[in-house]
Amino acid sequence: MGNFLKRVCLLCMAGCLMLGAFSCGKKHEHENIVTADQYGDATQEELPYGATIKQLKSGDSDDDKITVEFDHRFVTDEEAQKILSYMEALNTGNEELLKQTVYPDYLSYLCTNSDTADVQTYIQQITDRIKTNYTNGEDFKFDYIFINSCITSDEDSQSFGQADTILEEIGGDELMAKITSRKMVQVDSMYTLTGSGESFSLANQAGQEQPFYLYTIDGEVYIV
């Protein structure tokens, strides 16, 4: 019974980490990113997150293009690309892309121990939840992603406790020893309804930004 309860708790943690931002909530206004002009003669190192912005784009055509905006002093190109790839996988239903983006054993753990039989079903579960809660059933595509903040495990180790617990359950001390970086970024994802062409902020609709946990494991960045 003890092992069963532990497993249920771990599944609840995983659901909160990967799907939590897609639940209902009150609306809030999107916060503006700060600019260097607000801080006078401060050096780049002294400026807070959002003062130096970079963009990356993905997608083969204008219809499929997604842009991510982030502060490159805190988030690397590789980490930002993982967020892009995650959203692109949701847009296209590309399970192979999601497998490259989310840590493989973590993704398998979710699919094996939940109601989703495979990765394709897992992707469908996420998109269905968004359609049910925010789009009145209308199809949508993500097209612009704001990474609005970033913290590391050195700054706030408690924020990573749930993700660490799940990874330790999956791979034990051997896996934990391979983790060299932990970051949590808060994301606002803009999406467009494919029928009406209207655009919305998922953070405004959900009442909160979506947390993404970016772990460097054995030299490779993954979402967990």
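For the structure itself, look to the data block above.
Residues numbered from 1 in each chain as written. Predicted model: local features only at pLDDT ≥ 70, side-chain atom pairs only at ≥ 80, totals over all residues. Heavy atoms only, no water.

Here we come to the pattern of salt bridges. This structure, assessed with the given rule, holds 8 salt bridges. Two residues, Glu-96 and Lys-99, come together in a salt bridge whose shortest N-O distance is 3.4 Å. Here Glu-96 pairs with Lys-99, and both are found in helix 3 (residues 95-101), just 3 residues apart, close to one helical turn. For Lys-99, a relative accessible area of 34% puts it in the partly exposed group. Residue Lys-131 is joined to Asp-139 by a salt bridge in which the shortest nitrogen-to-oxygen separation is 2.9 Å. (Salt bridge = Lys/Arg side-chain N within 4 Å of Asp/Glu carboxyl O. Helix = DSSP H or I, 4+ residues; strand = E, 2+ residues; numbered from the N terminus. Buried < 20%, exposed > 50% of the residue type's maximum accessible area, 1.4 Å probe, protein only.)

Where helix 2 (residues 77-92) meets helix 5 (residues 119-134), the axes come as close as 9 Å, and the angle between the chain directions of the two elements is 85°. The angle between helix 2 and helix 5 places the two elements in the roughly perpendicular class. Side by side, helix 2 and helix 5 meet where Tyr-86, Ala-89 and Leu-90 of the first sit next to Ile-123, Ile-126 and Thr-127 of the second. Residue composition of the contact of helix 2 with helix 5, by class: 5 nonpolar, 1 polar and no charged. (Axes fitted to C-alpha atoms, helices over the stretch in contact; angles between N-to-C directions. Parallel < 35°, antiparallel > 145°, perpendicular 65-115°, else oblique. Contact = heavy atoms within 4.5 Å. Nonpolar A, V, L, I, M, F, W, Y, C, P; charged D, E, K, R; others polar.)

Per the counting criterion, the structure on display carries 10 aromatic pairs. Between the aromatic rings of Phe-140 and Tyr-191, the centroid separation amounts to 5.8 Å while the plane-to-plane angle is 70°, which identifies the pairing as edge-to-face. Here Tyr-191 lies in strand 4 (residues 179-193) and Phe-140 lies in strand 3 (residues 140-152), a separation of 51 residues in the sequence. With respect to burial, Phe-140 and Tyr-191 carry one shared label: buried. Their ring planes at 40° and their centres at 5.0 Å tell us that Tyr-144 and Phe-146 sit as a pair that is tilted. Overall, the relative accessible area of 22% leaves Tyr-144 in the partly exposed class. (Phe/Tyr/Trp six-rings, centres within 6.5 Å; stacked < 30°, edge-to-face > 60°.)

In this structure, Glu-79 sits in helix 2. Polar side-chain contacts of Glu-79 include one of 2.9 Å to the backbone nitrogen of Thr-76. With near-sequence residues (within four places) excluded, Glu-79 lies in contact with Phe-74, Lys-183, Leu-214 and Val-221. (Polar contact = N/O pair within 3.5 Å; in protein donor to acceptor, adjacent residues only side chain to side chain.)

Function-wise, these values are silent; they only describe arrangement.
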